[in-house]
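Residue-level structure breakdown
In case you want the letters, here they are:
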Amino acid sequence: MTMDPHLLRTFVAVARLASFSAAARELGYTQSAVSQHIAALEGDLRAELLTRRPVAPTPAGTRLLEHAGPLLLRLDAARADVLRLTAAPPGRVTLAASPLAVGPRLLAALPATGVTLRVLPPAEVPAAVATGGCDLGLVDGPAAPSDPLRLPDVAPLTVTGVAQEELAVLLPAGHPFAGRAAVRLDDLADARWLDAPGVGLPLTAARASVRYDGTDLHALCALAAAGHGLALLPRRVAEAAGAGVAVPLSAPRLVHRTELLTPGTPTGAAAALAARLTAGSPV
């Protein structure tokens, strides 16, 4: 029997919300229908997927969840890709951008009207473009000079390098390394770092002082300047923080890279904005 994606979506909703009734409200089903969906899926797989009190994935359910997200995302991406073939070019462009990708190049490329900018955590930008929620995407991250970013394989997307720039560590003014001309990450092996997945560059640190769950760069820089943890940022952002001290990163050899994501060949206003974003790109 082929696994029914409707049943799979119901299972994912119940597991995420830890409630049959909440999943029913979100999906627009009756609670009885949700229970029937879960029972049918369990019958198909011949395994219990959820405990009922409390509602939580079993080991088999946890394993299925690992597959379910990418599978459903691929289905949504396929649907969006086909619809683009017959849809008229959008008159208004929706651009998804991670917070650190909102830089000088984007600001210079934006037309006066006709664009909706959605600032999302970096991990959410590829899916937003692939599933048709946004026409274009700008995503950023650390990379070796001229190397592409490692992006999730959510769907066939065209990736174009837009910009790369120096990185710096934002330190509080009283930090022992604040007077240095440059710093190595190895020198900061015992430091406390800010954990900010929605804003900051991903950095595996031995210890995290504060977890910041937001997308406001000013708040992140204020936390670093106040001594709550260090932040690795594009040098222009660290130097413009207005507080703290930005010390350039000398090793390892990494840059802050920004890439444009497009679903195939954009048309209309989306194509015009994509051309402006990549014009004269050095990467």
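The structure contained in this document is the topic of the report that follows. The structure presented is a predicted model; accordingly, all values stated were derived computationally and were not measured.

What to know about the overall build of the protein
Helices and strands together make up the secondary structure of the protein, namely nine helices and 13 strands. Viewed in the frame of its principal axes, the protein has a C-alpha envelope of about 65 × 45 × 30 Å. Evaluated residue by residue, the protein yields a buried proportion of 40% over its 283 residues. Restricting the contact set of the protein to residue pairs at least 6 apart, pairs at least 24 apart contribute 68%. Looking at charge distribution, the protein has the averaged site of its 24 positive side-chain charges lying 2 Å from that of its 23 negative ones.

A closer look at the packing of helix α1 (residues 5-17) against helix α4 (residues 59-86)
Put simply, α1 and α4 touch, their axes get as near as 10 Å, and they point 120° apart. The angle between α1 and α4 falls in the class oblique. With respect to the hand of their crossing, α1 and α4 are arranged in left-handed fashion. Counted together, P5, L8, R9, F11, V12 and A15 of α1 and G61, L64, L65, A68, L71, L72, L75 and D76 of α4 form the full contact between these two elements. A breakdown of the residues in the contact of α1 with α4 according to their chemical character gives eleven nonpolar, one polar and two charged.

Overview of the packing of aromatic side chains
Here the distance between the centres and the angle between the planes together describe a pair of aromatic rings. Evaluation of the coordinates by the stated rule reveals zero aromatic pairs. Positioned above the aromatic ring of F177, the side-chain terminus of R180 is 3.8 Å from the ring centre.

Side note on the sheet that holds strand β7 (residues 167-171)
With mixed pairing, four strands are arranged side by side in an open sheet as β8-β12-β7-β11. The open sheet has two edge strands with one neighbour each: β8 (183-184) and β11 (231-234). By the bridge criterion, four bridges tie β7 to strand β12 (residues 245-251) in an arrangement that is antiparallel. Looking at β12, one finds that V169 is bridged to V247.

As for the sheet that holds strand β4 (residues 115-119)
The pairing of strands in a sheet comes from backbone hydrogen bonds and takes either a parallel or an antiparallel form. The sheet built from five strands is open, its strands ordered β4-β3-β5-β13-β6 with mixed pairing. The sheet is open, and its two edges are formed by β4 and β6 (158-165), each paired on a single side. Looking at each pair of strands side by side, their axes are set apart by 20° on average, direction ignored. As defined by bridge partners, β6 adjoins strand β13 (residues 255-262) across seven bridges and the pair is classed as antiparallel. If you follow G161 over to β13, its bridge partner there is E259.

Points about helix α2 (residues 20-27)
Of all the residues in α2, the buried ones are F20, A22, A23 and A24. Structurally, α2 contributes buried residues whose contacts are with α1, α3 (31-45), β1 (50-52) and β2 (55-57). Two residues or fewer past α2, G28 is found with a positive phi of approximately 80°.

Details of the packing of α1 against α2
Their axes nearest at 8 Å, the elements α1 and α2 cross at an angle of 125°. Taken together, α1 and α2 sit at an angle that is classed as oblique. For the pair α1 and α2, the crossing hand works out as right-handed. Across from R9, T10, A13, V14, R16 and L17 in α1, the residues of α2 making contact are F20, A22, A23, E26 and L27. For the contact of α1 with α2, the per-class residue count stands at seven nonpolar, one polar and three charged.

Looking at the environment of L138
Looking at the element boundaries, L138 is found in strand β5 (residues 136-143). Overall, the relative accessible area of 1% leaves L138 in the buried class. Sequence-wise, L138 and G268 are 130 residues apart; in three dimensions their C-alpha atoms are separated by 18 Å. Not counting residues up to four positions away in its chain, the partners in contact with L138 are L95, A96, A97, S98, A101, L106, V125, V162, T258, E259, L260 and L277.

The rules behind these values
- Residues numbered from 1 in each chain as written.
- Predicted model: local features only at pLDDT ≥ 70, side-chain atom pairs only at ≥ 80, totals over all residues.
- Heavy atoms only, no water.
- Helix = DSSP H or I, 4+ residues; strand = E, 2+ residues; numbered from the N terminus.
- Buried < 20%, exposed > 50% of the residue type's maximum accessible area, 1.4 Å probe, protein only.
- Contact = heavy atoms within 4.5 Å.
- Lys, Arg positive; Asp, Glu negative; His and termini not counted.
- Charge placed at Lys NZ, Arg CZ, Asp CG, Glu CD.
- Axes fitted to C-alpha atoms, helices over the stretch in contact; angles between N-to-C directions.
- Parallel < 35°, antiparallel > 145°, perpendicular 65-115°, else oblique.
- Left-handed = near helix turned anticlockwise from the far one by under 90°.
- Nonpolar A, V, L, I, M, F, W, Y, C, P; charged D, E, K, R; others polar.
- Phe/Tyr/Trp six-rings, centres within 6.5 Å; stacked < 30°, edge-to-face > 60°.
- Lys NZ or Arg CZ within 6 Å of the ring centre and 35° of its normal.
- Pairing = 2+ DSSP bridges.

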